[in-house]
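Residue-level listing of the chains:
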Amino acid sequence: QVQLVESGGGLVQPGGSLRLSCAASGSGFSINAMGWYRQALGMRRELVATITSGGSPNYADSVKDRLTISRDNNKNTVYLQMNSLKPEDTAVYYCYVQAIISLRPYGYWGQGTQVTVSP
């Protein structure tokens, strides 16, 4: 089993910055892709950014040039640096990890962390 623990959400003013972290723990697995999704109130969960095991990122158009995804493979941790935040970035942010266990892929979600962008 893989456990994910997220941290770093909170309240920030428009134009401000936050950094989210998501650490994976457990045993008997390796990690393939990692990513961040978000879900605003009354909306569907949507992709924010993903990053491959080799470090190649992919972003939703709405966050390009403002949000940066990175990972530390030694720590099994994925980060989301969020700059120039806008009110429309307000949502619960979930990390996602694709773990390989006994040569099979399994997806895991974090518990979610609230990000609120408001004056």
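A short tour of the structure in this document, coming up.

So, how was this worked out
Residues numbered from 1 in each chain as written. Predicted model: local features only at pLDDT ≥ 70, side-chain atom pairs only at ≥ 80, totals over all residues. Heavy atoms only, no water. Salt bridge = Lys/Arg side-chain N within 4 Å of Asp/Glu carboxyl O. Buried < 20%, exposed > 50% of the residue type's maximum accessible area, 1.4 Å probe, protein only. Helix = DSSP H or I, 4+ residues; strand = E, 2+ residues; numbered from the N terminus. Disulfide = S-S within 2.5 Å. Phe/Tyr/Trp six-rings, centres within 6.5 Å; stacked < 30°, edge-to-face > 60°.

**With respect to the pattern of salt bridges**
Part 1 of the reasoning: According to the stated counting rule, one finds four salt bridges in the structure shown.
Part 2 of the reasoning: Between Glu46 and Arg38 there is a salt bridge, and its shortest N-O distance comes to 2.7 Å.
Part 3 of the reasoning: Residue Lys64 pairs with Asp61 through a salt bridge whose shortest N-O separation is 3.2 Å.
Part 4 of the reasoning: Judged by its relative accessible area of 42%, Lys64 is partly exposed.
Part 5 of the reasoning: With a relative accessible area of 65%, Asp61 lands in the exposed category.
Part 6 of the reasoning: When salt bridges that share partners are traced, they join Arg38, Glu46, Arg66 and Asp89 into one network.

**Considerations on unusual backbone geometry**
Part 1 of the reasoning: At Asp65, a position not held by glycine, the phi torsion is positive, near 75 degrees.
Part 2 of the reasoning: With respect to the helices and strands, the residue Asp65 is situated in the loop between β6 (57–59) and β7 (67–72).
Part 3 of the reasoning: The phi torsion at Ser84 lies on the positive side, around 50 degrees, for a residue other than glycine.
Part 4 of the reasoning: By the element assignment, Ser84 lies in the loop between β8 (77–82) and β9 (91–101).
Part 5 of the reasoning: Judged by its relative accessible area of 41%, Ser84 is partly exposed.

**Thoughts on the state of the cysteines**
Part 1 of the reasoning: According to the stated counting rule, one finds one disulfide in the structure shown.
Part 2 of the reasoning: Sulfur-sulfur distance for the disulfide between Cys22 and Cys95 comes to 2.0 Å. Placement of Cys22 in strand β3 (residues 18–26) and of Cys95 in strand β9 is noted, with a sequence separation of 73 residues between them. For the pair formed by Cys22 and Cys95, the shared burial category is buried.

**Things to note about the packing of aromatic side chains**
Pairs of aromatic rings are described using the distance from one ring centre to the other and the angle between the two planes.
Part 1 of the reasoning: As enumerated under the stated definition, the model contains three aromatic pairs in all.
Part 2 of the reasoning: Judged by centre distance (6.2 Å) and plane angle (75 degrees), the ring pair of Tyr37 and Tyr96 falls under edge-to-face. Of this pair, Tyr37 sits in strand β4 (residues 30–39) while Tyr96 sits in strand β9, and the two are 59 residues apart along the sequence.
Part 3 of the reasoning: For Tyr96, a relative accessible area of 23% corresponds to the partly exposed category.
Part 4 of the reasoning: Note on Tyr37 and Trp109: the rings are 5.1 Å apart at their centroids and 70 degrees apart in plane angle, and the pair reads as edge-to-face. A residue pair is termed long-range when its members are at least 10 positions apart, and Tyr37 in strand β4 and Trp109 in strand β10 (residues 104–109) qualify at 72 residues.
Part 5 of the reasoning: Trp109 gets classed as partly exposed once you look at its relative accessible area, which sits at 41%.
Part 6 of the reasoning: Counting every residue linked through ring pairs, the aromatic cluster contains Tyr37, Tyr96 and Trp109.

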